[in-house]
Amino acid sequence: QVRLVESGGGSVQAGDGLTLSCEISGGAVDRLTVAWFRQNPGTQREFVAAWTEGTGGTSRKSDSVRDRFVLSRDYNKNSLLLHMMQLKVEDSATYFCAATQRRELGLGVGDYSYWGQGTQVTVSS
């Protein structure tokens, strides 16, 4: 059973950066497609970024974060990191890590079988 644990959330000022970590157990980070979603109360969970090792490693990011967020893998800790830079107030949300054993970079909640509990990111102006 794959288990995901997020960490690294917090409260920051607009323009600051944060790095979120998704630590994976029960599966190797290079054998899963791993994604980040975010959600605010009363809204749908929104795709942020995803990565898969297939064909040498590919990633995908939403247009709203494309130039500010970067994905990286920590193979020693079996983790996927989300480096968030130039944070905006609208980036505030609970960020969730998700994973699937499929190799497609899915954009929907239904594309992922495993979910973490989430970590809160609050950006103030």
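Here, the structure is the one placed above.
Right, let's walk through the structure included here. (Residues numbered from 1 in each chain as written. Predicted model: local features only at pLDDT ≥ 70, side-chain atom pairs only at ≥ 80, totals over all residues. Heavy atoms only, no water.)

1. Side note on the environment of W51
Secondary-structure assignment places W51 in strand 5 (residues 46–52). What makes W51 buried here is its relative accessible area of 1%. Expressed as a C-alpha distance, the spacing of W51 and L32, which sit 19 residues apart in the sequence, is 8.6 Å. (Helix = DSSP H or I, 4+ residues; strand = E, 2+ residues; numbered from the N terminus. Buried < 20%, exposed > 50% of the residue type's maximum accessible area, 1.4 Å probe, protein only.)

2. What about the nonpolar core?
In this structure, V34, W36, L82, M84 and Y95 are the most contacted members of the largest nonpolar core, which totals 28 residues. At the level of elements, strand 3 (18–25), strand 4 (33–39), strand 5, strand 7 (69–74), strand 8 (79–84), strand 9 (93–100) and strand 11 (119–124) are the ones that each hand at least two residues to this core. Those residues in contact with Y95, other than ones at most four positions away along the chain, are E6, L20, W36, F37, R38, V48, F69, L82, M84, G118, T119 and V121. Within the second largest apolar cluster, seven residues are counted, among which are A35, F37, A50 and L105. (Core = buried A, V, L, I, M, F, W, Y, C linked by side-chain atoms within 4.5 Å. Contact = heavy atoms within 4.5 Å.)

3. Describing the pattern of salt bridges
Under the criterion given, the structure shown has five salt bridges. One salt bridge connects E46 with R38, and the closest N-O pair in it is separated by 2.9 Å. With relative accessibility at 34%, the residue E46 sits in the partly exposed group. A network of salt bridges, in which partner residues are shared, links R38, E46, R68 and D91. (Salt bridge = Lys/Arg side-chain N within 4 Å of Asp/Glu carboxyl O.)

4. So, the pairing of strand 5
With respect to burial, strand 5 is a largely interior element, six of its seven residues being buried. Taken together, the six bridges between strand 4 and strand 5 define a ladder with antiparallel strand orientation. Paired with T33 across the bridge in strand 5 is T52. Connecting the antiparallel pair strand 4 and strand 5 is a turn made up of six residues, with G42 showing a positive phi of about 80°. Direction of pairing for strand 5 relative to strand 6 (residues 58–61): antiparallel, over a ladder of four bridges. Following the sheet pairing, T52 is matched in strand 6 by T58. (Pairing = 2+ DSSP bridges.)

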